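Here's the letter readout for the chains.
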Amino acid sequence: MENNKLKHNTESMQTANQPGIYKLMVLGVLICIVGTYARFAYDSWQVSLASWIVLFIGAIIAIKGVFKILDA
C-alpha cells in the first residue's frame, strides 16, 4: 500500500500538477474562443485573416501547456 503512494508523489507528478501550467492552457483556450467568435463578426477577409491568426496563437499557447505536462 505504501508503494502506491510513492508512485503518485513523484517529481514529475508534482511538476505536472502546477497551477501555472493549467492557467496557461485556459488562457490559450480563451484566446482560441475569441478567435473563433471573431470569425463570425464581420464578412471581410481582413477580419477573417486576423481571427485565424488569433486562433492559431491561442492553439499554440494551449499546446505549449500540454507539452509542459507531457515533458514532466
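Residues numbered from 1 in each chain as written. Predicted model: local features only at pLDDT ≥ 70, side-chain atom pairs only at ≥ 80, totals over all residues. Heavy atoms only, no water.

Taking an unreviewed UniProt entry as the reference, the chain is identified by name as ABC-type multidrug transport system fused ATPase/permease subunit belonging to Pedobacter zeae.

## Some points on the UniProt feature "transmembrane region" (unreviewed entry) in the chain
Stated formally: UniProt positions are given in the numbering used here, feature names are shortened, and annotations may be inferred rather than shown by experiment. By definition, any uninterrupted DSSP run of H or I lasting at least four residues is a helix, any uninterrupted run of E lasting at least two residues is a strand, and each is numbered from the N terminus.
UniProt feature "transmembrane region" (unreviewed entry): in the numbering of this structure it lies at residues 21-42 and 48-67. Taken end to end, residues 21-42 is 86% helix and 0% strand, and its first and last C-alpha atoms sit 34 Å apart. The span residues 48-67 carries 100% helix and 0% strand; its end-to-end C-alpha distance comes to 28 Å.

## Some details on helix α3 (residues 19-39)
As a reminder of what qualifies: Helices are assigned an expected span. That span is 1.5 Å times one less than the residue count. Each residue gets one of three labels from its accessible area relative to the maximum for its type: buried under 20%, exposed over 50%, partly exposed in between, using a 1.4 Å probe on protein chains only. Here the arc refers to the set of directions running from the helix axis out to each C-beta atom.
Between its first and last C-alpha atoms α3 spans 31 Å; for 21 residues at 1.5 Å apiece the expected length is 30 Å, and the two agree. When we look at burial in α3, the residues that qualify are Ile 21, Leu 24, Gly 28, Cys 32 and Gly 35. Summarising the axial view, the buried residues of α3 lie within an arc of 75°, below the 170-degree limit, and thus occupy one face. For α3, the exposed residues set more than 90 degrees away from the buried face come down to Pro 19, Lys 23, Val 34 and Tyr 37.

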